[in-house]
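# Inside the fold
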Amino acid sequence: MFRPLRIFLIIASIMLAKNGFSQNQNDSIAHLKIEVEQLIQEKKYQLALNLIHKFTIEHGSQPSTQILEAMIHFHQMNYNGASALFSEVGIEYLQQNDFEKIYFWAFSARNGGQYKVAIDLFNLYISKGKSGQNRRLSEQEIKSCTYSLLHQNDSLQFQLVHLPSPLNSPYSEFAPVALSDRELVFSRYQGIFDDSLENLFTKTYVSDIYSVNYRQINSQVFRFQKPKLLSVKLSSIQDLTAHTSFNKAKNKCYFSRCQNLDGEIGKCAIYKSSKKNGKWSKPTKLDLGNNDFSYSQPYFYENETSKILIFSSNKEGGFGGFDLWYIQQNGTEWTAPINLGSMINSSGNEISPFFDGDQKMLYFSSDGHAGFGGLDIYKSLQIGSQWSTVVNLGQPINSASNDYSYFHRKEGIEVFLASNRTGSQHLDDAENCCSDIYFAYPLNVKPEFKTLLPTDSTVPIDSIEVSIKSLLPLDLYFDNDQPNPKSTLNTTNAVYEQLFIKYFSERKKYQRHFEKGLSSEELVIAQTAIDSLFDYHILGGFEKVNQVCEMLLQQLEVGMSIKLSIRGYASPLNSPEYNLSLSYRRIQSFINYLRTYQNGVLIQYLDSNENKPSQLKIIELPFGESIVNPKVSDDRKDLRNSVYSPEAALMRKIRIELYEQSKIID
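A few points on the structure. (Residues numbered from 1 in each chain as written. Predicted model: local features only at pLDDT ≥ 70, side-chain atom pairs only at ≥ 80, totals over all residues. Heavy atoms only, no water.)

## Some remarks on the pairing of strand E12 (residues 295-302)
Within E12, eight of the eight residues are buried, which leaves it mostly tucked inside the rest of the structure. When E12 meets strand E13 (residues 307-313), the two strands line up antiparallel, connected through six bridges. Opposite Tyr 299, over in E13, you have Ile 310 as the bridge partner. Linkage of E12 to E13, two consecutive antiparallel strands, is achieved through a turn of four residues. (Buried < 20%, exposed > 50% of the residue type's maximum accessible area, 1.4 Å probe, protein only. Helix = DSSP H or I, 4+ residues; strand = E, 2+ residues; numbered from the N terminus. Pairing = 2+ DSSP bridges.)

Below, the structure written as structure tokens:
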């Protein structure tokens, strides 16, 4: 009679033991979580991973420990590793037990280039009514992921080269400045005491400016000597030194110095040093105002009439985190800082400016404009005292990681940049921890390699034809019924440049009409489509045609006879006869632009007389209505689809599609 009771007591004792073990395990996990989160806060990631691995050996893998490990990878910027662990844990577990981590999973997927996964996760996070900064960032990231999906195959005209050691290392190399065909100045952020007992307990980080000599064997093969400090006088024992910019004579150097807060970057200031008799002077600090803010990453530009310093700062009066500002030198004094404005600066951070004065183009990095992830590199054209809408340089220049420190030579044929994209050298398992320096060149332009000769700043004549043809076919776009609305004439006095400026200012009008009545999800796609229309097509075409004109002039000056053929197109809103006349007017507006280019420098080549035939011949091919697009309406009442849709806008254009040149025989 006592046997059942005995069995019951045995089972009860087993259950109590199991419950006790489960409770002990929960207590252990809770204690582990506290320890790991403290180590993460102290940035002692390897120690935190060691604790988790030890716990896993003793107790087995648990979803809660996988989440902790994923968060370590997230903070190490090993986003693919973090995303993989979150995926193993699964959405259902996170929804029920740790919903906030869905945001970190989404961010990891986004920075790993998994844009569709990231959009779904960000939407899930928002759907639960989460508020605050992470919600605002999620909404912004959805727009960026949508942009990335739409444009990930847009810009493949550059070949990217990951530069080798000893230039790059497992630490961070950035801020490249090519002083010549043979010398590169850059910055390196690295740990010291790597091979000492002290490294078991702490690591000291330094940042310094280096110079390295190199040879470029071909477009993808470089040979670097061992880097050396640019100058001991530019270094600092206490502070982090980086980000150089030089004047044309290369005897003045501007750079940043930032407080070193145990490896973290504190407030920064900009310094200047001069070179005399081959030696750099002791740096002096520039007074840029309130010392409670940071001033860093200077870019110095000078021409015959002005000297300007562009820099990044979080000073008051900006639009977000770090903005781009500039000061201008008057004699020995500098003006007060001036913000570059809302076309350049966003609610995020804008850093690492580079200004090409010949092209009037500003390059910089930002995490506040639509992009592929992290910091992307953008450009903006200076039009008078204004800046055009920023344009993302696209892939492969940009990636899902941080891309910055853009610098180019030879009119953009040789590009250097820094990135912590996947594939860069890194420490331990921190896949995206550290930046390397990359080189890029246009696929259709074969770079010249003059490693033993002085640098020639001009493009070789025999490569200009290749450069022009690489930009063709080239499309230039027109606002509806422009130029000269309702005219039936074949000619016009309108100049394409003025038509472009007016058209480019109509972005908000197009957005308003095209986005009317759309759902929130459709709205994101529509906004991106309009931005793509204005930034990549309308602005991109105008930038390219300026490059073409500059190269045309070089060819004409050395005696080349050139032939261009230009097709004109229109949308289906009017009759075939009207559209044919409109196409003629559009081609004529471009010819007028050629005649006004650089105060009429091309007129002598366009005009002919009895003694001299035209050296620059334009073949006009008006086509009227383009090939039919079913998405484009010919109904005047349907303004959204007949005028303001990107599909309709892309039909209103001229196309420069043929380039032929031959040498004039005297």
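## Thoughts on the state of the cysteines
Evaluation of the coordinates by the stated rule reveals two disulfides. The residue that forms a disulfide with Cys 258 is Cys 268, at a sulfur-sulfur distance of 2.0 Å. One disulfide, between Cys 258 and Cys 268, carries an S-S torsion of 105 degrees and so falls in the right-handed class. Separated by ten residues along the polypeptide, Cys 258 in strand E8 (residues 252-261) and Cys 268 in strand E9 (residues 264-276) bring together distant segments of the chain. Residue class for Cys 268 comes out buried when judged on its relative accessible area of 9%. Note on cysteine connectivity: Cys 433 is disulfide-linked to Cys 434, with sulfurs 2.4 Å apart. Judged by the torsion about the S-S bond (-90 degrees), the Cys 433/Cys 434 disulfide is left-handed. Judged by its relative accessible area of 6%, Cys 434 falls in the buried class. (Disulfide = S-S within 2.5 Å.)

## A short note on unusual backbone geometry
Between Ser 165 and the following residue, Pro 166, the backbone shows a cis peptide bond with an omega angle of 5 degrees. Inspection of the secondary structure assignment puts Pro 166 in the loop between strand E1 (158-162) and strand E2 (172-178). Of the consecutive residues Gln 482 and Pro 483, the connecting peptide bond is found in the cis state with omega at 0 degrees. Tracing the backbone shows Pro 483 in the loop between strand E25 (474-477) and helix H10 (496-504). Of note, the phi angle at Lys 43 is positive, near 65 degrees, even though the residue is not glycine. Topologically, Lys 43 is positioned in the loop between helix H1 (3-41) and helix H2 (45-59). Note on Lys 43: relative accessible area 45%, which makes it partly exposed.

## Some points on the sheet that holds E1
Overall, antiparallel pairing links the four strands, which are arranged E1-E24-E23-E22 in an open sheet. On the outer flanks of this sheet lie E1 and strand E22 (403-409), each paired with one strand and no other. Strand-to-strand twist of the sheet, defined as the mean angle between neighbouring strand axes without regard to direction, takes the value 25 degrees. Relative to strand E24 (residues 436-442), strand E23 (residues 414-419) runs antiparallel, the two sharing five bridges. (Axes fitted to C-alpha atoms, helices over the stretch in contact; angles between N-to-C directions.)

## Describing the pattern of salt bridges
Close approach of charged atoms allows side chains with opposite charge to pair. Applying the stated criterion across every chain yields a total of 17 salt bridges. Three or more residues are tied together by salt bridges with common partners; here these are Asp 181, Arg 409 and Glu 414. (Salt bridge = Lys/Arg side-chain N within 4 Å of Asp/Glu carboxyl O.)

## Some points on the nonpolar core
Across soluble globular proteins, you tend to see nonpolar side chains buried next to one another. Core analysis: the largest hydrophobic core is formed by 107 residues, its most contacted members being Leu 163, Leu 362, Phe 416, Phe 590 and Tyr 593. Beyond its immediate chain neighbours, meaning those up to four positions away, Leu 362 contacts Ile 310, Leu 324, Leu 340, Ile 344, Pro 353, Phe 354, Phe 355, Tyr 378, Lys 379, Ser 380 and Trp 387. (Core = buried A, V, L, I, M, F, W, Y, C linked by side-chain atoms within 4.5 Å. Contact = heavy atoms within 4.5 Å.)

## Details of the packing of aromatic side chains
Any two aromatic rings considered together are summarised by their centre-to-centre distance and by the angle between their planes. With the rule as written, the count across this model stands at 45 aromatic pairs. Note on Phe 222 and Phe 224: the rings are 6.0 Å apart at their centroids and 10 degrees apart in plane angle, and the pair reads as stacked. For the pair shown, Phe 222 and Phe 224 are each scored as buried. The interplanar angle of 55 degrees and the centroid separation of 6.2 Å between the aromatic rings of Phe 504 and Phe 534 together place this pair among those described as tilted. Here Phe 504 is found in helix H10, whereas its partner Phe 534 is found in helix H12 (residues 520-557), with 30 residues between them in sequence. There is no split in this pair, since Phe 504 and Phe 534 are both buried. Through a chain of ring-to-ring contacts, the aromatic side chains of Phe 478, Tyr 496, Phe 500, Tyr 503, Phe 504, Tyr 510, Phe 534, Phe 542, Phe 590, Tyr 593, Tyr 597 and Tyr 644 assemble into a single cluster. (Phe/Tyr/Trp six-rings, centres within 6.5 Å; stacked < 30°, edge-to-face > 60°.)

## With respect to the side chain of Arg 586
By the element assignment, Arg 586 lies in helix H13 (residues 576-596). Despite its burial, Arg 586 pairs with no opposite charge, the nearest such side chain being Asp 481 at 5.9 Å. A polar atom in the side chain of Arg 586 sits 2.8 Å from the backbone oxygen of Tyr 569. Residue contacts for Arg 586: discarding those within four places in its chain leaves Phe 478, Asp 479, Asn 480, Asp 481, Gln 482, Pro 483, Tyr 569, Ala 570, Arg 652, Lys 653 and Ile 654. (Lys, Arg positive; Asp, Glu negative; His and termini not counted. Polar contact = N/O pair within 3.5 Å; in protein donor to acceptor, adjacent residues only side chain to side chain.)

## Observations regarding the environment of Tyr 125
Note on placement: Tyr 125 falls in helix H7 (residues 115-127). A relative accessible area of 1% places Tyr 125 in the buried class. Sequence separation of Tyr 125 and Glu 100 is 25 residues, and the distance between their C-alpha atoms is 7.8 Å. In this structure the side chain of Tyr 125 is engaged in a polar contact, spanning 2.6 Å, whose partner is the side chain of Glu 100.

## Describing the environment of Tyr 295
Position of Tyr 295 relative to the elements: it lies in strand E12. Sequence spacing of Tyr 295 and Asn 314 is 19 residues, and the spatial spacing of their C-alpha atoms is 7.4 Å. For Tyr 295, the residues in contact, after removing those within four places along its chain, are Cys 268, Ala 269, Ile 270, Leu 288, Gly 289, Asn 290, Phe 311, Ser 312, Ser 313 and Lys 315. Side-chain polar atoms of Tyr 295 contact the backbone oxygen of Asn 290, separated by 2.7 Å.

## Comments concerning the packing of H2 against helix H3 (residues 63-75)
Where H2 meets H3, the axes come as close as 10 Å, and the angle between the chain directions of the two elements is 160 degrees. Of the possible angle classes, the one that applies to H2 and H3 is roughly antiparallel. In this structure, H2 meets H3 at a crossing whose hand is left-handed. Of H3, the residues touching H2 (which contributes Tyr 45, Ala 48, Leu 49, Ile 52, His 53, Phe 55 and Thr 56) are Thr 65, Leu 68, Glu 69, Ile 72 and His 75. (Parallel < 35°, antiparallel > 145°, perpendicular 65-115°, else oblique. Left-handed = near helix turned anticlockwise from the far one by under 90°.)

## A short note on the side chain of Ser 399
For Ser 399, the position within the fold is in the loop between strand E21 (391-392) and E22. Ser 399 gets classed as buried once you look at its relative accessible area, which sits at 9%. At 3.1 Å, the side chain of Ser 399 and the backbone nitrogen of Ser 401 are in polar contact. When neighbours within four sequence positions are excluded, Ser 399 is seen to be in contact with Phe 372, Gly 373, Asp 376, Ser 419 and Arg 421.

## Examining the pairing of strand E19 (residues 376-383)
With six of eight residues buried, E19 lies mostly within the body of the structure. As defined by bridge partners, strand E18 (residues 361-366) adjoins E19 across six bridges and the pair is classed as antiparallel. Looking across to E19, one finds that Tyr 363 is bridged to Lys 379. Here two bridges tie E19 to E21, and the two strands are oriented antiparallel to one another. Bridge assignment links Lys 379 to a residue of E21, and that residue is Val 391. The sheet contact formed by E19 and strand E20 (residues 386-387) spans two bridges and is antiparallel. The residue of E20 that forms the bridge with Ile 383 is Gln 386. Between E19 and E20, which follow one another and run antiparallel, lie two residues, and Gly 384 among them has a positive phi close to 65 degrees.

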